[in-house]
Amino acid sequence: MTGIGVVAPGGIGAKAFWELLASGTTATRAISLFDATGFRSRIAAECDFDPQANGLSAQQIRRMDRAAQFAVVSAREAVADSGLDMAELPPARLTVSVGSAVGCTMGLEQEYVVLSDAGRKWLVDHSYAVPHLYGYMVPSTLATEVAWEVGAEGPVALISTGCTSGLDAIGHGVEVIKEGGADVAVVGATDAPISPITVACFDAIKATSPNNSDPAHASRPFDLGRDGFVLGEGSAMLVLEDAEHARRRGAQIYGEIVGFASRSNAFHMTGLRPDGREMAEAIRCAMAQARFNPEDIDYVNAHGSGTKQNDRHETAAFKESLGAHAYEVPVSSIKSMVGHSLGAIGSIEVAACALALKHQVVPPTANMHVPDPECDLDYTPLHARERRLDGVLTVGSGFGGFQTAMVLARAAGGRAG
Amino acid sequence: MTAIVVTGLGVAAPTGIGVETHWSAILAGRSAIGPITRFDASGYPTRLAGEVPDFVARDRLPGRLIPQTDHWTHLGLATAQDALDDAKVVTSDLPEYQMAVVTAGSSGGTEFGQREIERLWRDGPQHVGAYQSIAWFYAATTGQISIRHGMRGPCGVICTEQSGGLDILGQARRLLRSGSRLVVAGGTDASLCPYGLVAQIAHGRLTTCGDNARAYLPFDADASGYVPGEGGATLILETAESMRARGVDQHYGTILGYHATFDPRPGSGRPPTLESAAAGALADAGLRPDEIDVVFADAVGDPALDHAEATAITKIFGPYGVPVTAPKTMTGRMYAGGATLDVATALLALRDQVIPPTTGVYSPAPRNRIDLVGAYPRQDRLRHAMVLARGHGGFNAALVIGRQLTAHDDQGEATWRK
Amino acid sequence: MAEVTLDDLRRILRDCAGQDESVDLDGDIADLLFAEIGYDSLAMLETVSRVEREFGTSIPDEAVQEMVTPRTTLAYINRRLAEDTAGSAA
């Protein structure tokens, strides 16, 4: 991994993102993107994002859904960070893989409101349709925009496995490079779900926190008082290269992706088995690929969404896959600070892991004051911790039963990022 | 490297439900394009579609699943079940972590989503149902198939519009090469609701022709756009060893080559890349162009895009160098479902040694120098077929398939593996 | 005052969450666990939300824990409706 770009709540750019995490500051607040009166959960972690100030053209802004804007801006930052001269790369050797759980929902909903006259017409009025409406209907547009931005002509994919989309999209890009299908991959994920329909659908299943009176402290992974996740938004894009390719050009190397595996629980679309066995299996497979023993993991970036069920499920999976080491290794959930941006969060968390490797600092779990007896690991409460980090595990879990694990290692050779 | 075989097919298409129903309709050249009946389309400029006839969810799916899933997922679940039955898979005999599901859908639970978003805006947030959270999103079909059949391997979802229907087969092959034994690979789509149709009317590539027989004429001088369709197909992919380990030998054919590319940004001055996708798939299969005996075209029905495709085909195979067909003239364009269905149809063509027709195209545009198979099936010696797909926004994919393995192939394969 | 009956509940369950073919919903289900008659947590959330809208009441989140069988569910809902009526009369 030679380049990182992030658009996240609390600040645009990888630097602002890391400062937020390292200081344990939360970016959750009352929803300002729309009037959330009447909704059960009226809080979210929003990005203060000005597309124009971030270099998008008037036409790009008109055409692109917010999720696409995030992706293009973070891809641009990642490429600049990598120091690659895209014009020098053969376009056919450049692959793009973008994850997203809900695609261009925001654009789709805004246009729907116009075409249906706020829900009054089932037979929506085509005379009000914008020409790029189909681009909102198909989430692949997000991959299209990133591919156009970086000039890719190799394989381009949009991966949509719910809340593991980000990890799965990065894993997809890694596999394309490993097979020899490309030299360089621009990978990551984006989601902009803070729109009425997405907020309402999580309201309906009571998955999000209703702690509207205290938004800054509403996302409480692993805390006894946790009452659901807080919706977030954002994007992280990464530049991956074949290790040899990166060393040859003397690139800064944040780390290597040395293990990636996914499993499904085939149990329930939203429910999780308390024993976490499928996530444990994914972790074991990813570690085996990396040739890691549990002791080689120095930090676990948890999915830690802050729902009762998830945090227990995950704790069980860590114990099952890491054994006694689960009690030794620091675990944390950055969702306590940046919320849960659905498909995007997996890539944002990989960016956090890479930055943790760079700074040799474990980001904390904010808002964790009262431990849940059923979650009895070291969740790095409140404050970041300096620590020698060589191997890092990050996991994701999503609606549909998807469980994904990825292992990153500090680069052996090459200049440290 | 071990052979990848297709051991089961499930089809739910405008041409019928079930593999043989679909295949006989295709061979008979029976177009399934007709007026839209799923909603009142009389006020829209496009009023024709290919709808899956007689699909009764109640007869095909567990009652509890129906209200929590969109029509698109219904079609995915039904074709997955049919494909597994066709392949005689007993899931309890296979290791749970070595069975995976990969699906492609271009636009998710469009009709379900429109109903819920209508409730939200008409009646308020409390009126959004609990199932919206699991029915609308693009991963719904994979998740439901995985749960229904107890498949706990590396499941996935690829959304690259029409090319997704081939990309999932590339992904399935990747999984089979890295430890999975069986992959359910399904492409279905069903966006025949008002919002789904209007989104396509907006981009201008739908036909506005109201004559069933003249509406969707790819490569024709009168091409006026495409007709939307719904449905798709699910394939069961396995390694040859895994198939034999189950005591099964019956299979439709093999997946030999796959490649995907992406078109440069409009205005960049660089050429489109469908040709590289096709060339890449050939190279991947280790075949020469003259070993491909039929090409199933993407066939958008837009004069410029048809010409671009014909040019790509001509560059690889030479002018009029290979029979080209587009049975989707009988179903309409089915996005991710369309490309997977084309692969199913191509496997049947190899099985029966007959190229299915392209209906309605009586005056091919002369600038497209391709040997377009006309209104009647063509008997031919078919060794390998290529399927092409282009997804809205610049995605290209090509897949090369071959006939069933024979004992001789097995020997060759064994030697090759050494 | 409107009272929710077992038949109302059957109708709402069927309508919003479908029916498991192996279960006779018209049979003696009052004391069976919802899990036994094929309904999961999402089905219950959907059902409760329909009841709230149809009968014009509001049911707090934690109440779902009490609703383990049709009988306990009806008891809870009808108690709630009675409270609503008493409240509005007062």
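Conventions we followed
- Residues numbered from 1 in each chain as written.
- Chains lettered and ligands numbered in written order.
- Predicted model: local features only at pLDDT ≥ 70, side-chain atom pairs only at ≥ 80, totals over all residues.
- Heavy atoms only, no water.
- Helix = DSSP H or I, 4+ residues; strand = E, 2+ residues; numbered from the N terminus.
- Rg over C-alpha atoms; globule rule 2.2 N^0.38 Å.
- Buried < 20%, exposed > 50% of the residue type's maximum accessible area, 1.4 Å probe, protein only.
- Contact = heavy atoms within 4.5 Å.
- Phe/Tyr/Trp six-rings, centres within 6.5 Å; stacked < 30°, edge-to-face > 60°.
- Lys NZ or Arg CZ within 6 Å of the ring centre and 35° of its normal.
- Pairing = 2+ DSSP bridges.
- Axes fitted to C-alpha atoms, helices over the stretch in contact; angles between N-to-C directions.
- 1 Å grid on protein atoms, 1.4 Å probe; cavity = no way out; pocket = protein on both sides within 12 Å on 5 of 7 lines; lining within 4 Å.
- Points joined across faces, edges and corners; volume = space filled by probe spheres on them.
- Nonpolar A, V, L, I, M, F, W, Y, C, P; charged D, E, K, R; others polar.
- Buried area = accessible area lost by both parts, 1.4 Å probe.
- Salt bridge = Lys/Arg side-chain N within 4 Å of Asp/Glu carboxyl O.
- Polar contact = N/O pair within 3.5 Å; in protein donor to acceptor, adjacent residues only side chain to side chain.
- Expected span 1.5 Å × (residues − 1).

Colleague: I'd love a proper account of the overall build of chain A, names of residues and values included.
Modeller: Along its length, chain A carries 13 helices and 18 strands. At 20 Å, chain A has a C-alpha radius of gyration in line with the 22 Å of a compact globule built from 417 residues. Overall, chain A is about 60 × 55 × 40 Å in size when its C-alpha atoms are taken along their principal axes. Within chain A, the proportion of its 417 residues that are buried is 69%. Sequence-distant contacts, at least 24 apart, represent 79% of the contacts inside chain A between residues at least 6 apart.

Colleague: So what's going on with the packing of aromatic side chains? Which residues, and what values?
Modeller: Throughout the structure, instances matching the rule amount to eight aromatic pairs over all chains. Both rings, one in phenylalanine 49 of chain A and one in phenylalanine 70 of chain A, keep their centres 5.0 Å apart while their planes meet at 90 degrees; by these two values the pair is edge-to-face. In this pair, phenylalanine 49 of chain A sits in the loop between strand 4 (43-45) and helix 2 (58-63) while phenylalanine 70 of chain A sits in helix 3 (residues 66-82), placing the two residues 21 residues apart along the sequence. Phenylalanine 70 of chain A shares its class with phenylalanine 49 of chain A; the two are buried. Ring pairs connect the aromatic residues Phe202, Phe229 and Phe399 of chain A, which therefore count as one cluster. Stacked on the ring of tryptophan 122 of chain A, the Lys or Arg arginine 115 of chain B has its end atom at 4.4 Å from the ring centre.

Colleague: Residues and numbers for the sheet that holds strand 4 of chain A, please.
Modeller: Residue and element names in this part refer to chain A. Across the sheet, three strands lie side by side as 3-4-8; this open sheet has mixed pairing. Pairing within the sheet leaves two strands with one partner each, and these edge strands are strand 3 (28-30) and strand 8 (231-232). Strand direction decides the pairing type here: strand 4 and strand 8, joined by two bridges, are parallel. Across the sheet, residue alanine 44 finds its bridge partner in strand 8, namely leucine 231.

Colleague: Could you give an account of the sheet that holds strand 12 (residues 299-301) of chain A, naming the residues involved and the relevant values?
Modeller: All names here are of chain A. If you walk across this open sheet you meet the five strands as 11-17-16-12-13, and the pairing is mixed. Two strands lie at the open edges of the sheet, namely strand 11 (256-264) and strand 13 (331-332), each paired on one side alone. By the bridge criterion, two bridges tie strand 12 to strand 13 in an arrangement that is parallel. Bridge pairing in strand 13 links asparagine 301 to serine 332. Where helix 10 (residues 277-290) meets the sheet, it contacts strand 11, strand 16 (391-398) and strand 17 (402-409), and its direction lies at approximately 150 degrees from that of strand 11.

Colleague: Please give an account of empty space enclosed by the protein that cites residues and values.
Modeller: According to the stated counting rule, one finds six cavities of 30 Å³ or more in the structure shown. By volume, the largest cavity amounts to about 200 Å³. In this structure, the largest cavity is lined by 16 residues; those nearest its centre are Ala101, Val102 and Cys201 of chain A together with Ser133 and Phe137 of chain B. Elements with a contribution of two residues or more to the lining of the largest cavity: helix 8 (196-204) of chain A together with helix 5 (132-135) of chain B. Here the lining of the largest cavity gets four residues from one element, more than from any other, and that element is helix 8 of chain A. Considering only residue class, the lining of the largest cavity consists of 11 nonpolar, five polar and no charged. The volume enclosed by the second largest cavity comes to roughly 100 Å³.

Colleague: Give a description of the interface of chain B and chain C that names residues and reports values.
Modeller: Each partner contributes to the interface: chain B provides 11 residues, whereas chain C provides 15 residues. Between chain B and chain C, a total of about 990 Å² is buried, with carbon and sulfur atoms accounting for 50% of that surface. By the criterion of area lost to chain C, the three top residues of chain B are Arg64, Ala130 and Tyr131 of chain B, representing 52% of everything that side buries. Across the chain B-chain C interface, the total number found is one salt bridge. Residue aspartate 40 of chain C is joined to arginine 64 of chain B by a salt bridge in which the shortest nitrogen-to-oxygen separation is 3.1 Å. At the junction of chain B and chain C, the tally comes to eight residue pairs in polar contact (both at pLDDT 80 or more). A per-class count over the side of chain B that touches chain C returns six nonpolar, four polar and one charged.

Colleague: Can you break down helix 3 of chain A residue by residue, with the values?
Modeller: Residue and element names in this part refer to chain A. Across its 17 residues, helix 3 extends 24 Å between first and last C-alpha, which sits within 8% of the 24 Å expected from 1.5 Å per residue. Among the 17 residues in helix 3, 13 count as buried, and that is most of the element. Sitting at the head of helix 3, aspartate 65 places a side-chain oxygen 2.9 Å from the backbone nitrogen of alanine 67. At the exit of helix 3 stands glycine 83, carrying a positive phi of roughly 75 degrees.

Colleague: Kindly report on the pattern of salt bridges, identifying the contributing residues and their values.
Modeller: Under the counting rule described, the total for this entry stands at 61 salt bridges over all chains. A salt bridge links arginine 284 of chain A to glutamate 281 of chain A; its shortest N-O distance comes to 3.3 Å. One end of the pair, arginine 284 of chain A, and the other, glutamate 281 of chain A, are both in helix 10, three residues apart, so they sit about a helical turn from each other. Judged by its relative accessible area of 34%, arginine 284 of chain A is partly exposed. A salt bridge links arginine 115 of chain B to glutamate 111 of chain B; the shortest N-O distance between them is 3.8 Å. Linking arginine 115 of chain B with glutamate 111 of chain B, this pair stays in helix 4 (residues 110-123), spanning four residues, or about one helical turn.

Colleague: Before we move on, can you summarise the interface of chain B and chain A with the specific residues and values?
Modeller: Between chain B and chain A, the contact holds 73 residues from the first and 70 residues from the second. With both chains or domains summed, chain B and chain A bury close to 6,100 Å², and 66% of this area falls on carbon and sulfur atoms. When residues of chain B are sorted by the area they lose upon contact with chain A, Trp121, Tyr195 and Phe262 of chain B head the list and together hold 12% of the total. Inspection of the chain B/chain A interface yields four salt bridges. Two residues, arginine 152 of chain B and glutamate 278 of chain A, come together in a salt bridge whose shortest N-O distance is 3.3 Å. Contributions of two or more residues to the side of chain B that touches chain A are made by helix 4, helix 5, helix 6 (140-149), strand 6 (156-158), helix 7 (164-177), helix 8 (194-203) and strand 9 (253-262) of chain B.

Colleague: So what about the environment of valine 157 of chain B? Which residues, and what values?
Modeller: Along the chain, valine 157 of chain B turns up in strand 6. Separated by 55 residues in sequence, valine 157 of chain B and valine 102 of chain B place their C-alpha atoms 5.5 Å apart. In this view, valine 157 of chain B contacts Leu158, Ile159, Ser160, Thr161 and Phe402 of chain A together with Thr103, Tyr138, Ala139 and Thr142 of chain B; residues no more than four positions away in its chain are not counted.

Colleague: Residue-level account of the side chain of glutamine 353 of chain B, with values.
Modeller: Residues and elements named next belong to chain B. If you trace the backbone, glutamine 353 turns up in the loop between helix 12 (335-352) and strand 12 (354-355). Classification of glutamine 353 by relative accessible area gives buried; the value is 16%. At a separation of 2.8 Å, a polar atom in the side chain of glutamine 353 contacts the main-chain carbonyl oxygen of leucine 382. Setting aside residues up to four positions removed in sequence, glutamine 353 forms contacts with Gln379, Asp380, Arg381, Leu382 and Arg403.

Colleague: Give a description of the environment of threonine 79 of chain B that names residues and reports values.
Modeller: Residue and element names in this part refer to chain B. In this structure, threonine 79 sits in helix 3 (residues 71-86). By relative accessible area, which is 1% here, threonine 79 ends up buried. For the pair threonine 79 and glycine 301, spaced 222 residues apart in sequence, the C-alpha to C-alpha distance is 27 Å. With residues near it in sequence (within four places) discarded, threonine 79 still touches Gly10, Val11, Ala12, Thr188, Gly232, Ala233 and Thr234.

Colleague: Which residues make up the environment of arginine 410 of chain A, and what are the values?
Modeller: Residue and element names in this part refer to chain A. Examined against the element boundaries, arginine 410 turns out to sit in the loop between strand 17 and strand 18 (415-416). Separated by 18 residues in the primary sequence, arginine 410 and valine 392 place their C-alpha atoms 8.6 Å from one another. For arginine 410, the contacting residues outside a window of four places in its chain are Gly255, Leu357, Gln360, Arg388, Leu389 and Asp390. Looking at arginine 410, its side chain comes within polar contact range of the main-chain oxygen of leucine 389, at 3.4 Å.

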